[in-house]
Amino acid sequence: DGCGLSSSGSSVTWETEIGTEYYILVHGFGTRTGNFVLSTTLAPSVGALETPFIGGSRQNGVSFDLTSTKGCIVVTRWAFHMESNPVSFTGRLWHKSGTNKGFLFNSSSAVGWMPMGTNATTFGSGFGNQTRVDFGSNLQILAGETRGFIYMTDSQTLTTKVGSSTTTTTTTSLDGLVQFDAGCGLDGPVFVGASVGDRIANLEIVYEECV
C-alpha cells in the first residue's frame, strides 16, 4: 500500500480458481486522482496425483488414462512403483490422444502412440517406494482431453515388474484437475507382447496448470 517513486506501489496475492472471474479496483488515497500502472502475474498452480503403491502384478508394463478435467495442465514429473529389490532398469513411456481402453497389444497397435522424450535409465527405489523416472521432457494435456499411456520396463524379470493391483479404479487429484483411469497389465516387449487383465498403474505424477 504505497505510491510515488520511493515505493514499489501496492500489491496483492491470492489463489485463483478455474472458471472464476475476478475484478481489480484501483483508486487514489481519499479524493486524490492520477495515472497508474497495473501489472499482473499468474504463477502456475502445482498439484499431484498418486495411486496406491500396493504391488501384486507380474507384468513389466501397464496402460492407463489421464484426463485434464478442468483446465490445461503440464505433467512435469513421473514416479512409478518398482517391485522387489532395487535394480537398474530402463523405462519408456508412450502416449496418444484418446483412451487406452480396448487396446490390444500387437504389432499393429503401435499406430498413434508417441514416445515420451527419451528412454530413462533409473536405479529402482525398491518395493513400497517411489522411483522417479525422468523422460527428459514435460507433457501438456489440454482442458477436457484424455490421453492414453503405456509404461514399460526393459526387463521381464521379477525385479523390475511394474507394481499394480488386480482391481481397476478411477482416482481424482485433490484439486480436481486430473483424473486417472486404470487400464491393463502388459507383458513386453512393447507392441509385441500380450495384454494381461485389469491392473492399476502404481504411480505419482506432479503437474502445473498451463499459463
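Residues numbered from 1 in each chain as written. Predicted model: local features only at pLDDT ≥ 70, side-chain atom pairs only at ≥ 80, totals over all residues. Heavy atoms only, no water.

## A short note on the state of the cysteines
Covalent bonding between the sulfur atoms of two cysteines is what defines a disulfide.
Moving on, step 1. Scanning the model with the defined rule gives one disulfide in all.
Moving on, step 2. Between the sulfur atoms of Cys72 and its disulfide partner Cys210 the distance amounts to 1.9 Å. On the sign convention where negative means left-handed, the S-S torsion of about -55° between Cys72 and Cys210 marks this disulfide as left-handed. You can see Cys72 sitting in the loop between β2 (61-68) and β3 (73-81) and its partner Cys210 sitting in the segment after β13 (203-209), a full 138 residues away along the chain. (Disulfide = S-S within 2.5 Å. Helix = DSSP H or I, 4+ residues; strand = E, 2+ residues; numbered from the N terminus.)

## Quick notes on the side chain of Thr90
Moving on, step 1. In this fold, Thr90 is placed in strand β4 (residues 88-97).
Moving on, step 2. Here the side chain of Thr90 touches Thr121 through a polar contact of 3.0 Å, side chain to side chain.
Moving on, step 3. If we ignore the near neighbours within four places in the chain, the residues touching Thr90 are Asn119, Ala120, Thr121, Met152, Thr153 and Asp154. (Polar contact = N/O pair within 3.5 Å; in protein donor to acceptor, adjacent residues only side chain to side chain. Contact = heavy atoms within 4.5 Å.)

## A closer look at the pairing of β4
Moving on, step 1. Taken across its 10 residues, β4 has eight buried, putting it largely inside the fold.
Moving on, step 2. As paired strands, β4 and strand β6 (residues 120-123) are joined by four bridges and run antiparallel to one another. From the neighbouring strand, Thr90 faces β6, where its bridge partner is Thr121.
Moving on, step 3. Bridging between β4 and strand β5 (residues 114-115) involves two bridges; their strand directions are antiparallel. The residue bridging Trp94 from the neighbouring strand is Pro115, located in β5. (Buried < 20%, exposed > 50% of the residue type's maximum accessible area, 1.4 Å probe, protein only. Pairing = 2+ DSSP bridges.)

## Description of the packing of aromatic side chains
Moving on, step 1. Overall, the coordinates contain seven aromatic pairs when judged by the stated rule.
Moving on, step 2. Measuring from ring centre to ring centre gives 6.4 Å for Trp78 and Phe80, while their planes differ by 5°; the resulting arrangement is stacked.
Moving on, step 3. Take Trp78: its relative accessible area is 3%, and that puts it in the buried class.
Moving on, step 4. Members of the aromatic cluster, joined through ring pairs, are Phe64, Trp78, Phe80, Phe135, Phe149, Tyr151 and Phe180.
Moving on, step 5. Over the ring of Trp94 we find Arg92, and its NZ or CZ is 5.7 Å from the ring centre. (Phe/Tyr/Trp six-rings, centres within 6.5 Å; stacked < 30°, edge-to-face > 60°. Lys NZ or Arg CZ within 6 Å of the ring centre and 35° of its normal.)

## Observations concerning the pattern of salt bridges
Moving on, step 1. Under the counting rule described, the total for this entry stands at two salt bridges.
Moving on, step 2. Ionic pairing is found between Glu204 and Arg77, a salt bridge with its closest N-O pair at 3.9 Å. Here the residue Glu204 occupies a position in strand β13, and Arg77 occupies one in strand β3, the gap between them amounting to 127 residues.
Moving on, step 3. With a relative accessible area of 26%, Arg77 lands in the partly exposed category.
Moving on, step 4. With a closest N to O distance of 2.6 Å, Arg147 and Glu145 form a salt bridge.
Moving on, step 5. Residue class for Glu145 comes out buried when judged on its relative accessible area of 16%. (Salt bridge = Lys/Arg side-chain N within 4 Å of Asp/Glu carboxyl O.)

## Focus: the nonpolar core
Moving on, step 1. Counting 28 residues, the largest nonpolar core has Phe64, Trp78 and Phe80 as the members making the most contacts within it.
Moving on, step 2. Of all elements in the fold, only β2, β3, β4, β8 (139-141), β9 (146-153), β11 (178-187) and β13 reach the threshold of two or more residues within this core.
Moving on, step 3. By residue number, the principal contributor to this core is β3, which donates four residues. (Core = buried A, V, L, I, M, F, W, Y, C linked by side-chain atoms within 4.5 Å.)

## Remarks on the confidence of the model for the protein chain
Moving on, step 1. Residues of the protein chain with pLDDT of at least 70 account for 82%, and the chain-wide mean is 81.
Moving on, step 2. When mean pLDDT is compared element by element in the protein chain, β8 scores highest at 96, while strand β12 (residues 194-199) scores lowest at 78. (pLDDT = per-residue confidence, 0-100.)

## Topic: the side chain of Thr131
Moving on, step 1. Relative to the helices and strands, Thr131 resides in strand β7 (residues 130-132).
Moving on, step 2. At a separation of 2.9 Å, a polar atom in the side chain of Thr131 contacts the main-chain amide nitrogen of Ser125.
Moving on, step 3. Aside from chain neighbours lying at most four places away, what touches Thr131 is Trp78, Ala79, Phe80, Met82, Phe89, Thr122, Phe123, Gly124, Ser125 and Gly126.

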